[in-house]
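# Chains, contacts and geometry: an overview
Spelled out from the first residue to the last, the chains are:
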Amino acid sequence: MSVLDFKPEAWTSSANEALKVSLVSENAIQFSPLFTYPIFGDSEQIFGYKDLVIYLAFDAITFKPFLNVKFSEKLDKEADDVEGKLLEFLPADVIRKDEAKWVESFEEEQKSFQLPPDECRVSSYQIGEETYAVYKLGISNDFCRKLHHRVQIFSLLFIEAASYIDENDTNWEIFWTFNVTTRKCVGYVTTYTYWKYTGARNFDANLQLKFRAKISQFVIFPPYQGRGHGSNLYNSLVDTWMKDDSIEEITVEDPNESFDDLRDRNDLKRLFNAKLVVELPEDISLEWLDRKRIEFKLEKRQFSRLTEMFLLYKNA
Ligand code: ACO
């Protein structure tokens, strides 16, 4: 041991750098997480190892996970329990260390892996030669629950302040995007519908119950980002809820900057296609704002921002 070995920093690794996540198919695509504090604590550091590398791999179709922790030296007593901490957030069927066993296991699972039935398909779209479809499934559906168990760690690793959803609450629905030929999942979004109280008169008259739909965790897996999947998934959600008379308003939980950007671009396109820019009155009244906002099922803040953007566009 050299004198440097007695310095704590010699045994400290950045969790975000040590954790290598990959999606594996014909080849493996590796990427780093943005956040690891829900797993390794606020400092996102791991103590007690030298040359620490944590491999967390997923089969790109079944998302069967594989975990392998490697290092050159470890402080036996003081080292953080890396594997133990990660296992708290991974499904029980994760395969550890034995890569051959993992490959054998996911190849076997792939044989019977089928996309959800057509009645759950809410939209399809084409990017290049490939066809993708979006499916809506309730959290109590077996396929949905199993796949969500496997992918949910991506919400923690890529969305700030995300936490696991309560799978026992059947109000959760998940929209999934799949490549229909390869069966690879491209991304998912967890959504929740809240009952919306519309006043005593409506309630007493026993009119149809109304709901507010919330987009909670929206993830396109890193290898598939920047190709339009996020926009297609978002538009698919919005179209589904626009057609649903029971949904009165579409909301988003803690959007980050890139999601705000995606949402603005797609909402603007939608309102533009609906000729809102042509209809925009000279003097915008509160009554007009409210009426149009309700028509497009948008939140007050979002609709005001979009109107402002249209005004800038019109007066440019
Ligand atoms: N060629 C080149 N660029 C393209 C193409 C294309 N064919 N199609 C789209 N793009 C561009 C878009 O113009 C956009 O550019 P911009 O960022 O400069 O505006 C960019 O790619 C992203 O648009 P999409 O491809 O439609 O979106 P993407 O599939 O990358 O999804 C998302 C965006 C959801 C933010 C994704 O990056 C992600 O999952 N990030 C990590 C998790 C996250 O941040 N989620 C949102 C948290 S907030 C919440 O959950 C409510």
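Further up the page is the structure itself.
Bear in mind the structure is a predicted one, so any value in this text is a computation, not a measurement.

## What to know about the sheet that holds strand 14 (residues 210-220)
Hydrogen bonding along the main chain pairs the strands of a sheet, whether they run parallel or antiparallel. Spatially, 10-11-12-13-14-15 is the arrangement adopted by the six strands of the open sheet, whose pairing is mixed. The open sheet has two edge strands, strand 10 (121-127) and strand 15 (247-252), and neither has a second partner. Between one strand and the next, the sheet's axes are offset by a mean angle of 25 degrees, whatever the strand orientation. Strand direction decides the pairing type here: strand 11 (residues 130-138) and strand 12 (residues 172-179), joined by seven bridges, are antiparallel. The partner of Lys136 across the bridge, within strand 12, is Phe175.

## Focus on the pattern of salt bridges
Tallied over the full model, the rule gives 23 salt bridges. Measuring nitrogen to oxygen at the nearest pair gives 2.5 Å for the salt bridge that ties Arg263 to Glu299. One end of the pair, Arg263, is in helix 9 (residues 257-273); the other, Glu299, is in the loop between helix 11 (286-295) and helix 12 (300-314), and 36 residues separate them in sequence. For Arg263, a relative accessible area of 2% puts it in the buried group. A salt bridge links Arg305 to Asp264, with the nearest nitrogen and oxygen atoms 2.8 Å apart. Here the residue Arg305 occupies a position in helix 12, and Asp264 occupies one in helix 9, the gap between them amounting to 41 residues. Overall, Arg305 belongs to the partly exposed group, its relative accessible area being 24%. One salt-bridge network, in which partners are shared between bridges, spans Lys64, Asp93, Glu109, Lys146 and Arg150.

So, how was this worked out
Residues numbered from 1 in each chain as written. Predicted model: local features only at pLDDT ≥ 70, side-chain atom pairs only at ≥ 80, totals over all residues. Heavy atoms only, no water. Pairing = 2+ DSSP bridges. Helix = DSSP H or I, 4+ residues; strand = E, 2+ residues; numbered from the N terminus. Axes fitted to C-alpha atoms, helices over the stretch in contact; angles between N-to-C directions. Salt bridge = Lys/Arg side-chain N within 4 Å of Asp/Glu carboxyl O. Buried < 20%, exposed > 50% of the residue type's maximum accessible area, 1.4 Å probe, protein only.

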